[in-house]
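# Reading the structure
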Amino acid sequence: MTAISGTLARQPSAAPACAALRLASYPDRNPGNPYVELFYDALAKHGIEHAGRLVPDPAWFDGGGRDVDVGHIHWPERMWGGKRPGRLHRMAAWLAGRPIRGVLRLRRFLDRAAAGGVTRVWTVHNVAHHEGASIVDRWGYRELAHRSDLMLCLSHAAAAEL
């Protein structure tokens, strides 16, 4: 696993770095978030194609994820915790074991990605989301950090903590 922090400003070369590299992401392209759009637009200038939404389930590789070279995760909490609309919903999800099953599914997904030669990338915007991290969140972060091939840390604090 490699962690990178800081910024690097470079003009794209005339020729793409990788002509056929396909990257799927979670979340998918999001016009409401300028970071995601700018990031994938910049990669496209280097010949890296955004192949759509990554579905964090091992079965995804049998269908839409079959030809993906890179799986890129930004904000993983929703993979195991859902949308977090309110306390009642979170409590019902917790009692049903949904967050635990979500982390286990993510772990199986990441292991299958590795077995299939898919590079696993996590952009670490924050080590924990702004609303605070539960014990399951911290477990999910550890699983993702342990199984990522590359972690793009957007702060020195995140890189030091991981």
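Structure's up top.
Description of the structure in this document. (Residues numbered from 1 in each chain as written. Predicted model: local features only at pLDDT ≥ 70, side-chain atom pairs only at ≥ 80, totals over all residues. Heavy atoms only, no water.)

The next thing to look at is the overall build of the protein chain. Looking only at helices and strands, one finds six helices and six strands in the protein chain. Put simply, the protein chain runs from its N terminus to its C terminus through helices and strands in the order β-β-α-β-β-α-α-α-β-α-β-α. The 162 residues of the protein chain split such that 38% are buried. Considering only residue pairs separated by 6 or more positions, the protein chain has 79% of its internal contacts joining residues 24 or more positions apart. Approximately 9,400 Å² of the protein chain is accessible, and the part contributed by carbon and sulfur atoms is 56%. (Helix = DSSP H or I, 4+ residues; strand = E, 2+ residues; numbered from the N terminus. Buried < 20%, exposed > 50% of the residue type's maximum accessible area, 1.4 Å probe, protein only. Contact = heavy atoms within 4.5 Å. Areas by Shrake-Rupley, 256 points an atom, 1.4 Å probe, with all protein chains shown as cover.)

Look at helix H5 (residues 135-147): 18 Å from first C-alpha to last across 13 residues, which is about the 18 Å you get at 1.5 Å a residue. Where H5 begins, one side-chain oxygen reaches toward the backbone nitrogen of Val-136, 3.3 Å away; that side chain belongs to Ser-134. (Expected span 1.5 Å × (residues − 1). Polar contact = N/O pair within 3.5 Å; in protein donor to acceptor, adjacent residues only side chain to side chain.)

Structurally, Ala-157 is set in helix H6 (residues 156-161). Between the alpha carbons of Ala-157 and Val-127 there is a distance of 8.5 Å; along the sequence they are 30 residues apart.

A word on the packing of aromatic side chains. Evaluated as defined, the whole model comprises seven aromatic pairs. With centroids separated by 5.8 Å and ring planes inclined at 70 degrees, the aromatic side chains of Trp-80 and Tyr-141 adopt a geometry described as edge-to-face. Taken together, the residues span a long stretch of sequence, with Trp-80 in helix H2 (residues 77-81) and Tyr-141 in helix H5 at a distance of 61 residues. Here the two residues Trp-80 and Tyr-141 agree in accessibility, since each one is buried. (Phe/Tyr/Trp six-rings, centres within 6.5 Å; stacked < 30°, edge-to-face > 60°.)

This part takes up the environment of Gly-116. With respect to the helices and strands, Gly-116 occurs in the loop between helix H4 (98-115) and strand E5 (119-124). Look at Gly-116 and you get exposed, because its relative accessible area is 60%. Gly-116 sits 55 residues away from Phe-61 along the chain, and the two C-alpha atoms are 8.7 Å apart.

Attention now moves to the side chain of Arg-147. With respect to the helices and strands, the residue Arg-147 is situated in helix H5. Here the side chain of Arg-147 touches Asp-111 through a polar contact of 2.7 Å, side chain to side chain. In contact with Arg-147, other than residues within four places in its own chain, are Arg-107, Leu-110, Asp-111 and Arg-120.

For the rest of this paragraph, the subject is the pattern of salt bridges. Per the counting criterion, the structure on display carries six salt bridges. Residues Asp-111 and Arg-147 are paired through a salt bridge, measuring 2.7 Å at the closest nitrogen-oxygen approach. With a gap of 36 residues between them, Asp-111 in helix H4 and Arg-147 in helix H5 connect regions that are remote in the sequence. With a shortest N-O distance of 3.0 Å, Asp-149 and Arg-120 are connected by a salt bridge. Within this pair, whereas Asp-149 is found in the loop between H5 and strand E6 (150-153), its partner Arg-120 is found in strand E5, the two being separated by 29 residues in sequence. Given the relative accessible area of 30%, Asp-149 is considered partly exposed. Given the relative accessible area of 13%, Arg-120 is considered buried. (Salt bridge = Lys/Arg side-chain N within 4 Å of Asp/Glu carboxyl O.)

Here the focus is the side chain of Ser-25. Within the fold, Ser-25 resides in strand E2 (residues 21-26). Apart from residues lying up to four places away in sequence, Ser-25 is in contact with Tyr-40, His-50, Gly-52, Arg-53, Leu-54 and His-72.

Let's shift gears to the pairing of E2. Looking at chain direction, E2 and strand E3 (residues 48-53) are connected through four bridges and run parallel. The residue bridging Leu-23 from the neighbouring strand is His-50, located in E3. Across four bridges, the pairing between E2 and strand E4 (residues 70-73) is parallel. Directly across from Ser-25, in E4, lies its bridge partner His-72. (Pairing = 2+ DSSP bridges.)

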